[in-house]
Every structure is written in structure tokens, then in C-alpha cells.
Amino acid sequence: MKKDIIAFWGYPHPDLIKKTKQKYPGANWVDLDINFGYPSSKSTPDAYCGIIKNIFDNAFYLKDKIIKILAAVGKDKCDSGFFAAQLLKNAGFDVEISYFEDVSPLENLCDVPVCKSSLALKDKLSIITANIVAQRDYSHLKPSRARFGFWGVPPNDLSICDIFPPETHVFGWSRCVEAKNPANLELEMYVEKDLPTVFFAQTFCAKNVLAKYLAQKYNGLYIEIDGTPSSSAYAKIEAFLRLR
Amino acid sequence: MIVNENSKYYIDAGTTWSKILEIMPCGKRKYNIYKTKEAREFKINYEKTTGHTSDKSAENYENEVVALARGAKIYLQNDFCALDLGSRDAKWVKFKNGKFSDMDWNTSCAAATGATIEMLLKFYDVKIEDLKFTKEKYPVTCGIFGLEKIMDDISCGLCPSVAISKFIHGIAYNAYNFAKNPDKICISGGFCENKCFIDSLQNYCEVLPLGRFVLVDGLTLQQR
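None of the values given here were measured: they were computed from a predicted structure.

Another aspect to go through is the overall build of chain B. A tally of regular secondary structure across chain B gives seven helices and nine strands. Against the 2.2 N^0.38 benchmark of 17 Å for 224 residues, chain B shows a C-alpha radius of gyration of 18 Å, consistent with a compact globule. Along the longest, intermediate and shortest principal axes, the C-alpha atoms of chain B span 60 × 40 × 30 Å. The proportion of buried residues among the 224 residues of chain B is 44%. Partitioning the contacts of chain B with sequence separation of at least 6, the portion at a separation of at least 24 is 62%.

So this is what it looks like as C-alpha cells:
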């Protein structure tokens, strides 16, 4: 089988992405963080972050087609990413690790038009992650007047995004990615003070502590979801959005 | 149940019990409780529905926390914490200066709520009136571990009513922590009628029982 996939997770350093694009100009890029519904590789414990499970499941399912994996392992991702890189290397993948820990002052960061736009929340998050590789210009998007905030990483199951109105602005790690500063903790912890915000973290992710802290500080809703959200999780978010 | 064609009906269809409110053409309100299994057989076109066993995709369905918030506002002033403790889950909502402030909904573990107590009472043939507040409590962060404690203690000779009372005290303590330790909790749901629970909760904060019809009352308010 012809190998034609460059796989990655998190936000590999732009220099590494650029170098890899030049070396493999015709390759298809696949974000291993995304849940494509491939079979379980049974690589992780049952109680483990759904995003990291995706990385293993996707990698093993696509193994015969993957040229190499660009693995984010620094503060821009997490320890689980660091361990996953080593285990996939042991399993025979060509893994190149990446640290994208450059941190700029907030005033020097590029704007985040997608986060502030009136696109559907699901589209916002999909565009932000796709743009890690695509690097399209979205400066033409007009900012919307924020009614709600969504803080966090793109969820394993994006269906919860459907509950939010388009005037939902994006914060947290997803905003850091659009600002090309995925390890910028100051930006990750930034939210608008009086904006009703849902602080989301994937169950078993270390970011839960940030989500809980920020939800308490800004009187938002902290919610953790493992895999597919239950109907009660939907209802909880819906109630928050309606009551606020 | 006799259905009056000219009345308006609202239902909070819980896991075990369904609370039905009939508003007659003269404006008189009539409240009834039926087993949910029984209420399912009624041929009633409800104005609005809420509760775990309602059809959540129906147009007239209202979110349970929203119904609780609206219902509690009928009974209470500007600042309150209302906790609804049902058969399978617990949810609370807090208002400050008349505005929504905070909420939570225990959606992931419902082992130690009303249905568990009903099962325990049946299993050990204990009447609810026999339950008395006990200073001791079982840790019921996990309901299953709590049940294990009950069984262990009863097998060692403890009276079942005392064991269940300790379990209920554990639920009350959990509810207090779950609602973030407020000075006063307004209780909605079947536990309002459980004196042992109310006495246990009063060990931690002021308690105001609102009765079992808070959510169904909330359904009658027009949407803002």
C-alpha cells in the first residue's frame, strides 16, 4: 500500500510543518486528534483521555499509509502526547517530535477572526484545527457580538457545539491555536469577564483543573465529557445557556 | 384519571413518579402524583412536559433545570439555592439579586437518590416513618459502596432502619456539598416528604422544603 499520509497531533511547530510540506508536497495531512470512528487499537487504559485514544486508534488504523507522524509533545500539548510519541515510535512509526512552546505577549499576537466570528461553533473549531496545516487567511471574517463563550479544546464529539448560538466566541487552547501560540498559558486563561462561558475539558485531561478554576472565577459552567456526551450533559449546557 | 377537555395539563414525568398539574378553566390548580408507569397510559395532551422520562425531542418539552429555576422563583425571593433531589439525579440552581448565578446537575451517578431509598425500604421492609436522624452517616460518594456498608452493618446486627437513616444522612451531606455548601437550601422533590433527610440536611444548613411540584409549577410560566 502506498504511503501518502503525514499524520500529526496538537500543533506541531510551523517550521516543522513547512519543512515537511516541502519534503512531501503531495501528501495528505491527517489530524490524529480527531475522532474518525476507527476501531479501537486497545492501546490505552479504558479510563483515558478520548483525544489520546483517538491518536492511537487513528495511527494504528492508518499505519500502512502513514509516512511519518509529527508529534506535539511540549507544553503546547500534554504529557500524554509525550508518552504517545514514544509508544508509537516503539510500534514502528516514524515519529518526529515537536515542541511549539514559543510564547509572545498578548499584545503581539495575531488576531483571532475565526474565534470571534459568527460562524457556527462547530465550524469555528473545525477551521481552527484545519488551519494548523492549511494556513488560510480568515481576516475577512467580521467579528460577531459575543453572547456566550466556549473555552477549551475541540471536543472529541463536536455535536455539543450545536447547542451554542453562532455568537459564541472561542477561548482557551483553541484560541491559542488560532493565535499561533498553543503554549501561551496567559492567553489560554483569558476570557471576557462578564461573558457567560462554558468551560469544557475532555475527561481525564489535565486541563480540567484550569476549566474548573476559571468556571469558578468567572461564574461560568464547568463541564467535562468523556467520549460521546450524554443527553444530560447536553441538557446541562442548554440550561446554562438559557438561564444566563 | 378523569381528563377534563377544557383544562390545561402540565407534567413532570420523573423516573419513578409523575407530578401532574391540572389548571381548570376557572384557574383552580389541582396537583396529583402517579407512578410514571401508570401516568404513561393517560391520554392527555400536555401543554408542557419535563422530567427524565419525557420525550426530550418534543416541542413542548422543557429542560429540567430551567423548569426548576422558573418554579423556584415563584416560591422564593431574589437570593436562593433550590435543589431538586429526585429518583435518579440531583440538580440545583442558584439566584443572586433575582438573576441566575450558578447551577449544577449530577448527571453521572444517580445511585444514591430517591429510587435507591425506595428500594432499600422495600428490601428491608422498613416504613419511612421509622427512619430517624442519626448523627452518624455512611459515605455515599459512591452509592454502591454505601449499599455495601448498609449490608455489612445489618449483617453485624444493626437495625435496618438505623442503617438506612445513616445512608440518608450521607445523601444529605452529599447534597449539601454538591450545592456548594450554601447557608440555606430550598428542597424540591420527593425528599421534601422524608423527615429523616430534612433533619439530616438541617445538620448542615437551613432547609426550606418546597414540595414536589416546583418543576411542574415552573412549566406554567411563560417563556421570557
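Right, let's get into the overall build of chain A. Counting its secondary structure elements, chain A contains nine helices and eight strands. Relative to the 2.2 N^0.38 estimate, which gives 18 Å for 244 residues, the radius of gyration of chain A is 18 Å and therefore close to what a compact globule would have. Projected onto the principal axes, the alpha-carbon positions of chain A cover approximately 55 × 40 × 25 Å. Out of the 244 residues in chain A, the part that is buried amounts to 45%. In chain A, the share of contacts with a sequence separation of at least 24, taken over all contacts with a separation of at least 6, comes to 63%.

Residues and elements named next belong to chain A. For chain A, the assigned domains are domain 1 (5-98) and domain 2 (106-243). Relative placement of domain 1 and domain 2: their C-alpha centres are 23 Å apart. Listed by partner, the interface residues are 16 residues for domain 1 and 14 residues for domain 2. Of all the elements, helix α2 (residues 50-61) adds the most residues to the side of domain 1 that touches domain 2, at three residues.

Many descriptions give the size of an interface as the accessible area lost when the pieces come together. Contacts between the two partners involve 13 residues from chain A, matched on the other side by 12 residues from chain B. Its residues assigned to classes, the side of chain A that touches chain B shows five nonpolar, four polar and four charged.

Let us now look at unusual backbone geometry. With phi around 75°, F204 of chain A is a residue other than glycine that occupies positive phi space. One non-glycine residue, D125 of chain B, adopts positive backbone phi at about 55°.

A few words now on the pairing of strand β5 (residues 80-85) of chain B. Residues and elements named next belong to chain B. Within β5, six of the six residues are buried, which leaves the element mostly enclosed by the surrounding structure. A two-sided burial pattern is seen for β5, the buried positions comprising F80, A82 and D84 on one face and C81, L83 and L85 on the other. Joining the antiparallel neighbours β5 and strand β6 (residues 90-96) is a turn of four residues. Looking at chain direction, β5 and strand β8 (residues 184-188) are connected through three bridges and run parallel. If you follow L83 over to β8, its bridge partner there is I187.

The next point concerns the environment of E96 of chain A. Residues and elements named next belong to chain A. The topology assignment puts E96 in strand β4 (residues 95-98). What makes E96 partly exposed here is the crowd of 17 C-beta atoms within 10 Å. Sequence separation of E96 and I69 is 27 residues, and the distance between their C-alpha atoms is 6.1 Å. Look past the residues within four positions of E96 in its chain and what remains in contact with it is L16, K68, L70 and A71.

Further remarks concern the sheet that holds β6 of chain B. Sheets are built from strands paired through backbone hydrogen bonds, the pairs being either parallel or antiparallel. Residue and element names in this part refer to chain B. One open sheet holds the five strands; their spatial order is β7-β6-β5-β8-β9, and the pairing between them is mixed. Whereas interior strands pair on both sides, the edge strands pair on one side only; in this sheet they are β7 (99-106) and β9 (206-211). Sheet twist, expressed as the average angle between the axes of neighbouring strands with direction ignored, equals 20°. Alignment of β5 against β6, held across six bridges, turns out to be antiparallel. Within the sheet, the bridge partner assigned to A82 lies in β6 and is V93. Against the sheet, helix α2 (residues 64-75) touches β5, β6, β7, β8 and β9, its axis set at about 50° to β6.

Residues and elements named next belong to chain A. Among the six residues of strand β7 (residues 197-202), six are classified as buried, and the element is accordingly described as predominantly covered. Burial along β7 is two-sided: the residues T197, F199 and A201 and V198, F200 and Q202 are all buried. Taken together, the five bridges between β7 and strand β8 (residues 221-225) define a ladder with parallel strand orientation. Across the sheet, V198 pairs through a bridge with L221, a residue of β8. The parallel pair β7 and β8 is bridged by helix α8 (residues 208-217), and the resulting crossover is right-handed.

To continue, consider the packing of helix α4 (residues 143-155) of chain B against helix α5 (residues 160-178) of chain B. All names here are of chain B. Between α4 and α5, the least distance of the axes is 9 Å, while the angle of their chain directions is 155°. As judged from the angle between their axes, α4 and α5 are roughly antiparallel. Relative to α5, α4 is oriented so that their crossing is right-handed. Each of G146, I150, D153 and I154 in α4 lies in contact with α5, whose residues at this interface are P160, A163, I164, F167 and G170. Looking at the contact of α4 with α5, its residues break down into six nonpolar, two polar and one charged.

Conventions and cut-offs
- Residues numbered from 1 in each chain as written.
- Chains lettered and ligands numbered in written order.
- Predicted model: local features only at pLDDT ≥ 70, side-chain atom pairs only at ≥ 80, totals over all residues.
- Helix = DSSP H or I, 4+ residues; strand = E, 2+ residues; numbered from the N terminus.
- Rg over C-alpha atoms; globule rule 2.2 N^0.38 Å.
- Buried ≥ 20, exposed ≤ 12 C-beta atoms within 10 Å, placed from the backbone.
- Contact = placed C-beta atoms within 7 Å.
- Domains from an automatic or database assignment.
- Nonpolar A, V, L, I, M, F, W, Y, C, P; charged D, E, K, R; others polar.
- Pairing = 2+ DSSP bridges.
- Axes fitted to C-alpha atoms, helices over the stretch in contact; angles between N-to-C directions.
- Right-handed = clockwise from strand over helix to strand, strands pointing away.
- Parallel < 35°, antiparallel > 145°, perpendicular 65-115°, else oblique.
- Left-handed = near helix turned anticlockwise from the far one by under 90°.

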